[in-house]
Amino acid sequence: MTGGAGYIGSHVVKELCRQGYDVVILDDLSTGHEKLLLDVPFYRGDIADSDLVKRIVLAHQVEAVIHFAAKSLVAESMRVPERYFLENTAKSVQLFSALIQEGIRHVVFSSTAAVYGIPDEVPIPETTDCRPVNPYGQSKLMIEQALYWLGQAYGVRWAALRYFNAAGASPDGELGEWHDPETHLIPLVLQTALGRRDELLIYGNDYDTPDGTCIRDYIHVMDLATAHIAALEGLRKGSLPSGPMNVGTGRGHSVREVVETAMEVTGRTIPYRYVDRRPGDPPVLVAATDKIRRLLDWKPVRSDLRTMIAEAWKWHRKECRKELNP
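Asks: Help me understand the pattern of salt bridges in this model?
Replies: Oppositely charged side chains are able to pair whenever their charged atoms sit close together. Summed over all chains, the structure comprises 19 salt bridges. For E264, the salt bridge identified is with R306, shortest N-O distance 2.6 Å. Of the two residues, E264 sits in helix α8 (residues 255-266) while R306 sits in helix α10 (residues 305-324), which places them 42 residues apart along the sequence. Classification of R306 by relative accessible area gives partly exposed; the value is 41%. A cluster of three or more residues bridged by salt bridges with shared partners is formed by K14, D172 and E174.

If you want it as C-alpha cells, here you go:
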C-alpha cells in the first residue's frame, strides 16, 4: 500500500487488516500522518526509489499493490503543475516499473473524478470524455493511460477507481479526515462548528441547482475501502477486466444541504458566508455507478449524509479534545 498514512489509505489498511490481509505500507509522510499508521510494517520512503520498492516486495512477498500516494491539491496543481506531473505521473510510472520487474501484475489505483473535468452528462458514466481542467486531474488521467499500455506490454491487470467526494471516518473513531491545509467541505464545516474557524465560505449560490449551491456525490471512506478490496479480489481472480470504475452513490447533496445537516447533527450553529464562485467548479458532479455494482457486486452501505457527518463529527471532537488536553 502506497500512501497508507493518508486519509483514505489508512482506512483501507484498517479494512484490509480486519479481513485478514497482510499489509505493508510505503509512505514518505509528506502529506500523510504517522498517527494514522496502524500496527503493520511501515517504510518511510519515496515510491520512485526502485531499490526500496524491490526490497519491500522481496522482504514481504508482496503479491499486489494498492496505490494511493499522490499530491492532491487542485489549487496547488494550478500554481506548480510540474510538481504534479513529477510526483504523481512520473513517480507512479517509476513505481510500476519496479513492481513489474519483481513480477507484480495486480494494481489498484486511486484515481479521481477530476479526470472528467466539466462533464457533458450527469450522472457521469465511465465512457464520458475525459477533459481535465487542472493539472491534478490530468496527472491522474496520465497514470491511467500508462497503466493501459503497461497492461498491453506486460500483462499488468489494473483497476482505476475514480471516486468523487470521500467523507466520514471509521465508525470506532480511530481514524478520520486530516489534511493540511484542509480543503474538503465536511471537515471545514465541522471545524467551524468547533469554533476553530470563524465562518465557512460557500463558493457561489447562483448555480442552476435547487438551492443555488454546488451538488456533489459523497461516498463514505469505509465504503471506498470495501470497493478497493473488491477490486483487488476481482483482479486476482481474473473476473474483473482492467479499466476505470466510478465509486460513488449515484446521488448528490448540495453544499447548503451539507451545512444544514451538520447543524442538525452537531446541535450547533455554523456561520457561513457566500462568496464568488471558484473558476471551473461544475454545478453538479454525481457518479453513474452501474459498472462497479455490476462487475463487483459492490454497493455503498454507510454513505447516507447524516452517518458520514456524525462519524466525522465524533472523530473531530475527539481530536479537538486531545489538543485542548494533551
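Asks: Is there a simple way to explain the nonpolar core in this structure?
Replies: The nonpolar side chains of a soluble globular protein tend to be buried with one another. Core analysis: the largest hydrophobic core is formed by 38 residues, its most contacted members being M1, I8, V12, I66, L161, A231 and V247. Broken down by secondary-structure element, the contributors of at least two residues to this core are α1 (7-18), β5 (157-163), α7 (221-237), β10 (243-247) and α9 (290-296). A total of nine residues in this core trace back to one element, the largest contributor, which is α7. The contact partners of M1, leaving out residues within four places of it in the chain, are G9, V12, V13, L16, V23, V24, I25, L26, I66 and F68. Listed in part, the 24 residues of the second largest apolar core include L190, I309, A312 and C320.

Asks: So what exactly am I meant to see when it comes to unusual backbone geometry here?
Replies: Most peptide bonds take the trans form, and the phi angle of most residues other than glycine is negative. In this model, V122 is joined to P123 through a cis peptide bond whose omega is 0°. Structurally, the position occupied by P123 is in the loop between β4 (106-112) and α5 (135-154). For L29, which is not glycine, the phi torsion reads 60° and is therefore positive. Relative to the assigned elements, L29 resides in the loop between β1 (25-27) and β2 (42-44). Judged by relative accessible area, which is 13%, L29 ranks as buried. Located in the positive-phi region is Q61, a residue other than glycine, with phi close to 50°. Mapped onto the elements of the fold, Q61 is located in the loop between α2 (50-60) and β3 (65-67). According to the relative accessible area criterion, Q61 is exposed, its value standing at 68%.

Asks: How should the sheet that holds strand β8 (residues 215-216) be read in this particular structure?
Replies: The pairing of strands in a sheet happens through backbone hydrogen bonds and is either parallel or antiparallel. In space, the three strands of this open sheet follow the order β11-β8-β13, with mixed pairing throughout. Lying at the two open borders of the sheet, with one neighbouring strand each, are β11 (253-254) and β13 (284-285). Of the strand pairs in this sheet, β8 and β11 are connected by two bridges, and their pairing is antiparallel. Within β11, the position partnered with I215 by the bridge is S254.

Reading the values: the criteria
Residues numbered from 1 in each chain as written. Predicted model: local features only at pLDDT ≥ 70, side-chain atom pairs only at ≥ 80, totals over all residues. Heavy atoms only, no water. Salt bridge = Lys/Arg side-chain N within 4 Å of Asp/Glu carboxyl O. Helix = DSSP H or I, 4+ residues; strand = E, 2+ residues; numbered from the N terminus. Buried < 20%, exposed > 50% of the residue type's maximum accessible area, 1.4 Å probe, protein only. Core = buried A, V, L, I, M, F, W, Y, C linked by side-chain atoms within 4.5 Å. Contact = heavy atoms within 4.5 Å. Pairing = 2+ DSSP bridges.

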